[in-house]
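Here are the chains, one letter per residue:
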Amino acid sequence: MVFDASGSSSPATAPPSGNPLGVILTRGFARQVLLGRWFTVFASLLIMAASGATYIFGSYSGTLKSSLGYDQRTLNTVSFFKDLGANLGVFSGLINEVTPPWVVLAMGAGMNLFGYLMVYLAVSGRTSRPPLWLLCLYFFVGANSQSFANTGALVTCVKNFPESRGVVLGILKGFVGLSGAVYTQLYLALYGGDDAESLILLIAWLPAAVSVVFVHTIRYMPYPRRRRGGGGQETSSDPFFCFLYLSIALACFLLVMIVVQKQVTFSRDAYGVAATPLLILLVMPLCVVVKQEYKIFRERQLEAALRAADPTPPTITVVDDAGGAGTLPSSSVLQMSAAATDDTTTKKTEQHPAAPTPTPTSSSCLGSFGKCVRTMFRPPARGEDYTILQALVSVDMLVLFVATICGVGGTLTAIDNMGQIGESLGYPSKSINTFVSLISIWNYAGRVTAGYASEAVLVRYRVPRPVLLTGVLVLACAGHVLIALGVPQSLYAASVVIGFCFGAQWPLVFAIISEVFGLKYYSTLYNFGGMASPVGSYILNVRVAGRLYDAAAARQHNVGGGGKHERLCLGVECYKRSFLIITAATVAGALVSLVLVWRTWRFYRGDIYARFRDGDGAEGSGKDGCLPVDRRGAGEEEEMEREKAEEAARTG
C-alpha cells in the first residue's frame, strides 16, 4: 500500500510583491531583525572579536615588567595565571547550565572590567604597587572573562544552529583569532600607539562595553521543524559562508595595514582614517543578517499566501497492490497513523516485556560511583560515548594531552614573550606591535584552515586528524628554531609560523576529542583538553624560558628602566637555550602524536560519522522534530539494558 500525499491542485500563488527597501525600513521588519536568530550570530561575532585580549599580552608585557620592577620569571608567572584564567572555563559552563546567557555575559563583562582596570591602575601608578599574588588574581579574573564570553555567545549560537555547529564554531573561533590585530589597529587609532598603558585600558573597557550592548540579544531560540525537501531560510547555512568571506576580507585588510604601517610612518590622524575600513568590515555582517531576514520575510509571505489561497486540508490518495485507489481526508490519515503507532507499540511490548524504570542516576557516576570505577578501565570502542573517567584514564587521552602540552605550550611561550624577544634582538616597539598583529592574523588563518582542511581530507581521503596535528607540530619547530638562532629580520617569519601553528592546533585537538571519545560528555572533556595550555605554559614559559632569561640577564649585569630589580637581557643568547629546549619538546610532542596516529589509524580509515547517519536513534537525527537533548536516545536505553543484564548475571 502506497500513500501519496498532495496538496491542492491549484497553482502556487506568488507572494505579494513590493519594494524591498520599503519593507526593510519599516518598524516591524527592524523588530524582526533584532529578535531573529541571525542577529544573535552578528552580536556573537562582535563579542568574539573583542574577547581575545589574552593574545596581545606581548604588546604590553614590557611596560608591565618595567613599571612594576619584575624580572622575567615573575613576568612569566603572571602570564601563566593569565593563561590559566583564559582556559579554565568550568565555572562559566556550570553557571550557564542554570541561568540564561545574558547572566553569563553580564558576569563576564564585570570580571573583564574589574580585572584589567585594576591592572591598568597598578601599571599607571594610580594605585600602590600590588603584591604578586594580587596582580596574578587580577589577570586571572580578567582573562577568565574570555571563557564567559565564549560560553554565553558561542554555546548559544551552536544550540540555535545545531545542524551547522561545525561552521558556527569555525567562524566564531576565527574572529577570536583576529581580535589581537583588531585591538592593535584600534589602539593605534585611539591612543597613537606610544603608550602601552592605554592598551591595557582599552582591553578593560571595550570587551565589557560590547557584551553589555548585546547582552539581551544573545538568547536561546526554539529550533524550527525541518521542512520536507530541506530546511528553510531561517536555518540555512548560506549566510555562514558570507560571514566567512567577510572574515577573510577583514584578515586581508589587517595584513595589508600591518605591511603598510611597517613601511610608512603614520600620524595619529592617519591611524584614525585607516581604522574606518576596519569598523566597516566589522559591521558588514549586519548586511548579511538584513538580507537573510528579508528572505525569511518573503518566505513567510509566500506561506501565508498559499494558506489564504487554499484553506482546505490536503487529501491523501491510498493506492493498494491491486491497483485500486481511494481518497482519504487528512483526519482519517491521522487516525490511521495513531492506530499504526499503537499497533507497533503493542508488538514491541509483546516482544520485550516492560522492565522496571531505572533511576535517573543509574548511568551516572554520581549515582553509582563504584560501578563507574569498576568500568573505567573497560572503555567502549572508539567513537562511542566514553564516561568521563574512562576518557581521562585512557591511553589515547594521555597521549593527546602530552602532545598538546608540548605543542601549545611551546607556541604560547613564544606568543607571550614576543615583546621581550623583539626587545632583546633590537627590534623597535612598532615592529613588536607588528609581530603581535601577525600572530593574531595567522592564528585566525590556522583555525580556519585546520577546521576546513582537516574535514575535507578526512571525508575525501580518510586522512586521520592526528596526522595533521603531527604536521602542525613539526611546522612549529621551524618557528622555534628561527627565534633560537636570532637570524636578522627572521622574527617576522617566526611570528607567522607560530601564530598559524598555535591557531591550527586547537580545532584539531577538540575535533579529535569529540571523535574518539564521543559527544555525551564533550563539554567536560573539551575543558579538560583546554587545560593543556596552562600546563604547557607553566612548564615551558615559567620554568624554562623565565629562568634561563634571568640567568642570561644576570651574566650581562644590565638594568632596565624599572630599576635595579629589573634584569634586562640583550642579544641572541637571551632566548637561544630556551627555544632550543622548546624545539626539542615540540619534536617530542610530534613523536607522541605519531603514537596517536598509529592507535587511531584503523578507526579513522572507517566511516566515523556512520553512527550519526544510520539508525533512528542516531544522535542529532532529529527525525521527530526535537533536539537530541529533548529525548532519550536509543543508545542510552541499550546501555541501561546492558548494565542491568550484567548486574543480574553477577547476582545470579
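Criteria and cut-off values
Residues numbered from 1 in each chain as written. Predicted model: local features only at pLDDT ≥ 70, side-chain atom pairs only at ≥ 80, totals over all residues. Heavy atoms only, no water. Helix = DSSP H or I, 4+ residues; strand = E, 2+ residues; numbered from the N terminus. Buried < 20%, exposed > 50% of the residue type's maximum accessible area, 1.4 Å probe, protein only. Contact = heavy atoms within 4.5 Å. Areas by Shrake-Rupley, 256 points an atom, 1.4 Å probe, with all protein chains shown as cover. 1 Å grid on protein atoms, 1.4 Å probe; cavity = no way out; pocket = protein on both sides within 12 Å on 5 of 7 lines; lining within 4 Å. Points joined across faces, edges and corners; volume = space filled by probe spheres on them. Nonpolar A, V, L, I, M, F, W, Y, C, P; charged D, E, K, R; others polar. Patch = residues over 30% accessible without salt bridge, like charges linked within 9 Å, V, L, I, M, F, W, Y side chains within 5 Å. Salt bridge = Lys/Arg side-chain N within 4 Å of Asp/Glu carboxyl O. pLDDT = per-residue confidence, 0-100. Disulfide = S-S within 2.5 Å. Axes fitted to C-alpha atoms, helices over the stretch in contact; angles between N-to-C directions. Parallel < 35°, antiparallel > 145°, perpendicular 65-115°, else oblique. Phe/Tyr/Trp six-rings, centres within 6.5 Å; stacked < 30°, edge-to-face > 60°.

Comments concerning the overall build of the chain
Next, step 1: Broken down by element type, the chain carries 26 helices and 3 strands.
Next, step 2: Considering the chain as a whole, with its 652 residues, one finds that 48% of them fall into the buried category.
Next, step 3: Across the chain, contacts joining residues at least 24 apart in sequence account for 81% of those joining residues at least 6 apart.
Next, step 4: Accessible surface, the chain as shown: approximately 30,400 Å² in total, 64% of it carbon and sulfur.

Let's talk about empty space enclosed by the protein
Next, step 1: Counted according to the given criterion, the structure contains 3 cavities of 30 Å³ or more.
Next, step 2: Size it by volume and the largest cavity reaches roughly 150 Å³.
Next, step 3: If you go around the largest cavity, you meet 21 residues; those closest to its centre are Ser51, Asn112, Ser145, Gln146 and Pro207.
Next, step 4: Listed by contribution, the elements that provide at least two residues to the lining of the largest cavity are α7 (101–123), α8 (132–160) and α10 (196–213).
Next, step 5: Of the residues assigned to the lining of the largest cavity, the class counts are 12 nonpolar, 9 polar and no charged.

Regarding unusual backbone geometry
Next, step 1: Although it is not a glycine, Arg462 adopts a positive phi angle of roughly 60 degrees.
Next, step 2: Within the secondary structure layout, Arg462 lies in the loop between α19 (429–461) and α20 (465–485).
Next, step 3: Even without glycine at this site, Gln489 takes up a positive phi of about 65 degrees.
Next, step 4: Of note, Gln489 is situated in the loop between α20 and α21 (491–517).

A word on a nonpolar patch on the surface
Next, step 1: The grouping of Leu113, Leu117, Leu190 and Trp205 at the surface amounts to a nonpolar patch, some 310 Å² of accessible area in total.
Next, step 2: Summarising the element assignment, Leu190 is placed in helix α9 (residues 165–191).
Next, step 3: For Leu190, a relative accessible area of 39% corresponds to the partly exposed category.

Brief notes about the confidence of the model for the chain
Next, step 1: In this model, the chain carries an average pLDDT of 78, and 76% of its residues clear a pLDDT of 70 or more.
Next, step 2: Per-element confidence in the chain is highest for α20, whose mean pLDDT is 94, and lowest for strand β1 (residues 2–6), whose mean pLDDT is 43.
Next, step 3: Taken together, the stretch residues 330–364 has pLDDT below 50 and engages in 18 contacts with residues farther than four places along the chain or on a different chain.
Next, step 4: Every residue in residues 612–637 scores below 50 in pLDDT, and together they form 26 contacts with partners more than four places removed in sequence or on other chains.

With respect to the state of the cysteines
Next, step 1: Per the stated rule, a full pass over the model turns up 1 disulfide.
Next, step 2: In this model, Cys569 is linked to Cys574 through a disulfide, with the two sulfur atoms separated by 2.0 Å. Across the disulfide from Cys569 to Cys574, rotation about the S-S bond amounts to roughly -95 degrees, and the bridge is consequently left-handed. In terms of burial, Cys569 and Cys574 fall into one category: buried.
Next, step 3: Here Cys501 stays free of any disulfide, with the sulfur of Cys477 as its closest cysteine sulfur at 8.7 Å.

Let's talk about the packing of α20 against helix α24 (residues 573–605)
The description of two helices packed together rests on the angle between their axes and the distance between the axes.
Next, step 1: Two elements in contact, α20 and α24, have axes separated by 8 Å at closest approach and are oriented at 170 degrees. Accordingly, the angle class assigned to the pair α20 and α24 is roughly antiparallel.
Next, step 2: Looking at the contact of α20 with α24, its residues break down into 20 nonpolar, 7 polar and 2 charged.

Some remarks on the packing of aromatic side chains
Next, step 1: Taken as a whole and judged by the stated rule, the model has 21 aromatic pairs.
Next, step 2: Arranged with centres 5.6 Å apart and planes meeting at 50 degrees, the rings of Phe39 and Phe42 form a pair that is tilted. A residue pair is termed a helical-turn pair when its members lie 3 or 4 positions apart in one helix, as Phe39 and Phe42 do in helix α3 (residues 37–49) at 3 residues. Each member of the pair, Phe39 together with Phe42, is buried.
Next, step 3: Between the aromatic rings of Tyr427 and Tyr492, the centroid separation amounts to 6.1 Å while the plane-to-plane angle is 80 degrees, which identifies the pairing as edge-to-face. Taken together, the residues Tyr427 in the loop between α18 (418–424) and α19 and Tyr492 in helix α21 connect sequence positions 65 residues apart.

Points about the layout of surface pockets
Next, step 1: Taken as a whole, the second largest pocket spans an internal volume of roughly 620 Å³.
Next, step 2: Forming the walls of the second largest pocket are 34 residues, and the residues nearest its centre are Ser59, Gly193, Ser429, Lys430 and Asn433.
Next, step 3: Those elements giving two or more residues to the lining of the second largest pocket turn out to be α4 (57–68), α9, α11 (238–263), α12 (268–283), α18 and α19.
Next, step 4: For the lining of the second largest pocket, the element with the highest residue contribution is α4, accounting for 8 residues.
Next, step 5: Looking at the lining of the second largest pocket residue by residue, the class counts come to 8 nonpolar, 18 polar and 8 charged.

Observations regarding the pattern of salt bridges
Next, step 1: The tally for this structure, following the rule as stated, stands at 4 salt bridges.
Next, step 2: The salt bridge partner of Asp396 is Arg382, with a shortest N-O separation of 2.8 Å. Taken as a pair, Asp396 in helix α17 (residues 395–416) and Arg382 in the loop between α15 (369–375) and α16 (388–392) lie far apart in primary sequence, 14 residues in all.
Next, step 3: By relative accessible area, Asp396 is classed as buried at 4%.
Next, step 4: With its nearest N and O atoms 2.6 Å apart, the salt bridge here joins Arg599 to Asp396. Of this pair, Arg599 sits in helix α24 while Asp396 sits in helix α17, placing them 203 residues apart in sequence.
Next, step 5: What makes Arg599 partly exposed here is its relative accessible area of 28%.
Next, step 6: One salt-bridge network, in which partners are shared between bridges, spans Lys82, Asp83 and Asp416.

Regarding the side chain of Gln420
Next, step 1: Secondary-structure assignment places Gln420 in helix α18.
Next, step 2: When its relative accessible area of 1% is taken as the criterion, Gln420 is described as buried.
Next, step 3: Contacts of Gln420, omitting those with residues within four sequence positions, involve Ser61, Gly62, Lys65, Gln72, Leu75 and Tyr575.

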